[in-house]
Structure formats: C-alpha cells, structure tokens
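Each chain, letter by letter, is given below.
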Amino acid sequence: QVQVAESGGGLVQAGGSLRLSCAASGSIFSINGMSWFRQAPGKQRELVAGMTSGGDTNYADSVRGRFSISRDNAKSTVYLQMNSLKPEDTAVYYCKIVLRPKPTPGLAVYWGQGIQVTVSS
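Calculation notes
- Residues numbered from 1 in each chain as written.
- Predicted model: local features only at pLDDT ≥ 70, side-chain atom pairs only at ≥ 80, totals over all residues.
- Heavy atoms only, no water.
- Helix = DSSP H or I, 4+ residues; strand = E, 2+ residues; numbered from the N terminus.
- Buried < 20%, exposed > 50% of the residue type's maximum accessible area, 1.4 Å probe, protein only.
- Contact = heavy atoms within 4.5 Å.
- Lys, Arg positive; Asp, Glu negative; His and termini not counted.
- Salt bridge = Lys/Arg side-chain N within 4 Å of Asp/Glu carboxyl O.
- Polar contact = N/O pair within 3.5 Å; in protein donor to acceptor, adjacent residues only side chain to side chain.
- Pairing = 2+ DSSP bridges.

Caption draft 1: Layout of the environment of Ser 30. Relative to the elements of secondary structure, Ser 30 occurs in strand β4 (residues 28-39). The exposure class assigned to Ser 30 is partly exposed, which follows from its relative accessible area of 25%. Those residues in contact with Ser 30 that lie beyond four places of it in its chain are Leu 99 and Arg 100.

This is the structure:
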C-alpha cells in the first residue's frame, strides 16, 4: 500500500513565498516522475512543474522563473518552492507521483489529496 501526503500550503500576501512538500510512503520499489498540478475554481487542472527521475524539469510558462521543483529520492519527497507569488497562483495544488509499487512490476500513478494555496493582493 502506498500513501501520498502533501503539506505546506496556506495564505500568503502577494510577493511572498511558500514551499509545498509531497511525500510518498509505503511499499515502494522505485519512483519515476514527480510533478505538481493546480486547479483554480472554475478552471481545469493544469501542470505547474514536473521532474523526471533523471532530474529533467519542465515548468508552465506562468510560473517559470518564480517556482522551482526539486526532489529528495532518499525521502521519496518532491518539493515546490514558490516565490514572488501572485493572486492568480491561488488554487488547490496536487502532487502526482509515478512509481513502481512492491511487488507489482508495472507503474502506478498516485495523487496527493490537494492542498490550498491562497495569495492575497
């Protein structure tokens, strides 16, 4: 069984910073891609940032230069450092982890429960 838990959201003023964390735990053989998505009210869920197992990253144009994704493989954790936050960054943020659980040979996708980030103007 695999669990995914997010932390670090909250309320911040425009121009401030937050750091989100997402940790996977349980019967994990290996972790592949780790990424962050967000969904604002009335909008579709969108990719914010992603990182492959090899360390390659990609970012949405709207956050490039302000957000940074990183991972700690030893802790099975992915982070999202968010700087220079804007009111339009307000959304529920979800982590997505692609991993190989024990003992199955295939890959599985796990989502975090979602965490609220609110940026006030």
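Caption draft 2: Representation of the side chain of Glu 6 in the model. If you trace the backbone, Glu 6 turns up in strand β1 (residues 2-7). Of the side chains with opposite charge, Arg 45 comes closest to the buried, unpaired Glu 6, at an N-O distance of 7.9 Å. Reaching out from Glu 6, the side chain makes a polar contact with the backbone nitrogen of Gly 114 at a distance of 3.3 Å. Non-local contacts of Glu 6, meaning those with residues more than four positions away in its chain, are made with Ser 21, Cys 22, Trp 36, Tyr 93, Tyr 94, Cys 95, Gly 112, Gln 113, Gly 114 and Ile 115.

Caption draft 3: Molecular detail of the pairing of strand β11 (residues 115-120). Alternating positions in β11 separate cleanly, Ile 115, Val 117 and Val 119 being buried on one face and Gln 116, Thr 118 and Ser 120 remaining unburied on the opposite face. Sheet topology note: the strand β2 (residues 10-13)/β11 ladder contains 4 bridges and is parallel. Within β11, the residue paired with Gln 13 across the bridge is Ser 120. As judged from the 3 bridges shared by strand β9 (residues 91-101) and β11, these two strands associate in the antiparallel manner. Directly across from Ala 91, in β11, lies its bridge partner Val 117.

Caption draft 4: Here's a closer look at unusual backbone geometry. Of the consecutive residues Lys 102 and Pro 103, the connecting peptide bond is found in the cis state with omega at -10 degrees. Note that Pro 103 resides in the loop between β9 and β10 (108-111). The phi torsion at Ser 76 lies on the positive side, around 50 degrees, for a residue other than glycine. Residue placement: Ser 76 occurs in the loop between β7 (67-72) and β8 (77-82). You can call Ser 76 buried: its relative accessible area is 16%.

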